[in-house]
Amino acid sequence: MRVSVFGLGYVGCVSAACLASMGHEVIGVDVNQVKVDLVNDGKAPVVEERIGELIAEVVRSGALRATGDVREAVMGSEVSLVCVGTPSEPNGSLCTTYLERVTEQIGAALAEGAEQGGRHTVVFRSTMLPGTCLNLLVPILEKYVGGTAGVDLGVAVNPEFLREGTSVRDFFDPPKTVIGELDPASGDAVMALYEGLPGEVFRVPVPTAEAIKYADNAFHGLKIGFANELGAVCQALGVDSHQVMDVFLADRKLNISPAYLRPGFAFGGSCLPKDLRSLVHAAQRADVSVPILAHVLPSNSDHLQRAVDLVERTGKRRVGMFGLSFKPGTDDLRESPLVELAERLFGKGYDLRIYDANVNVSRLIGANREYIENRLPHLAQLLAASVDEVLDHAEVCLVGTRDPAVLAALPHSEGPVLVDLVHLPDADARRAEPGYVGLAW
């Protein structure tokens, strides 16, 4: 394919050189004439493993050249890959100035060359927040081109997952390829760019592709911060932190795995809350600052409050809850987030009914009975004997379980407002129903 790459920084330079080495005809574009001259001389404008020899090779073969002329680049290509920077503003917000400027230039060039025919595809590789492409950049393109994105011109978002220092290697062996496509033809154009590369390909809506990059980087930062905080606590307690993490990383079932990484309700139970509190307390006693670990429980509490807020927004007072124990298949109520949710709603004066097949006051003994008597003494009055009893009572239903009997009874469209705390199996279909509200989806 004939490709123009806008921005010859790390991402653009590596993308341009690697695409050219795959057989594409690439034109690099940059406002900095020094970078343009360096590329045309077969030299890399950035310091990066393997990039120097790669650029020398593809420039020598004629597969890559650079220019400062936007119109020349756009008219000489079928796909424009936008790789300009999106730095932070002083207040932390995303700066889209360069994105907007390049989009205007590409749009103007496309308008000038409209008589040449053929559909051009603009692919945004720059990191940008969800909504930036559809709400900001697409209108700019449509204004200049005088057409409709997805019909008269292609638009896609294609985030990169390149690490500085190993970016050439990462390009040819990506962890995944993500294509946010405005329409199938736009996605096909991006697919053609990377034909032959390994790794799974995800063709998703444009905002999803924008968000994935942030999910990745936020998690990477969280992992680094977690490891560093834990290391500091271990050092203060006289423990070998690397030995601890070696064992931690060996667990591929719960630790380094998809476990616990699906948005859902708050966590609870007899282990996680108390162990986090103990660890943070030990760090404080050792004068070790652990802001990430110290804010895990407050974050969890805020997530629980989101469910309360959703109920309050309905303006309704009769509430039903399905689920009470901290985990399905058990009657353990210790630090259950659903018990805490029931307490908050009860305390606000809501008329509450609760059904949990595994929780029966007459069978509760020991710690669970004591827990109910101390934390929610009116629980016996709130418990319903059946799913139907709750549904008949409620104007709003909080679904905190995937109990098959509950799922089978939940109404569609007409009936109480359903606040989904567990991402029901048919959540995607229910989203279109007026009475359905997902907690974090």
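The coordinates are above.
In what follows, the accompanying structure is described. (Residues numbered from 1 in each chain as written. Predicted model: local features only at pLDDT ≥ 70, side-chain atom pairs only at ≥ 80, totals over all residues. Heavy atoms only, no water.)

A closer look at the sheet that holds strand 7 (residues 176-181)
Consideration 1: Taking strand neighbours across the sheet as the criterion, the eight strands line up as 3-2-1-4-5-6-7-8 in an open arrangement whose pairing is mixed. Edge positions in the sheet fall to strand 3 (64-67) and strand 8 (200-204), since each of these pairs with one other strand and no more. The mean angle between the axes of side-by-side strands here comes to 25°, regardless of whether they run parallel or antiparallel.
Consideration 2: In this sheet, strand 7 lies alongside strand 6 (residues 154-157) in antiparallel orientation, the contact comprising two bridges. Following the sheet pairing, V157 is matched in strand 7 by G180. (Pairing = 2+ DSSP bridges. Helix = DSSP H or I, 4+ residues; strand = E, 2+ residues; numbered from the N terminus. Axes fitted to C-alpha atoms, helices over the stretch in contact; angles between N-to-C directions.)

Some words on the pairing of strand 7
Consideration 1: Most of strand 7 is tucked away: five of the six residues are buried.
Consideration 2: The pairing of strand 7 with strand 8 spans five bridges and is parallel. Paired with T177 across the strands is V201, a residue of strand 8.
Consideration 3: Traced from strand 7 through helix 8 (residues 184-193) to strand 8, the parallel crossover comes out right-handed. (Buried < 20%, exposed > 50% of the residue type's maximum accessible area, 1.4 Å probe, protein only. Right-handed = clockwise from strand over helix to strand, strands pointing away.)

Observations regarding the pairing of strand 2 (residues 25-29)
Consideration 1: Counted residue by residue, strand 2 has four buried out of five residues, so it is predominantly covered.
Consideration 2: Of the pairings in the sheet, the one linking strand 1 (residues 2-6) to strand 2 comprises five bridges and is parallel in character. By the bridge assignment, R2 is partnered in strand 2 with E25.
Consideration 3: On the question of chirality, the crossover connecting strand 1 to the parallel strand 2 by way of helix 1 (residues 10-21) is right-handed.
Consideration 4: As paired strands, strand 2 and strand 3 are joined by four bridges and run parallel to one another.

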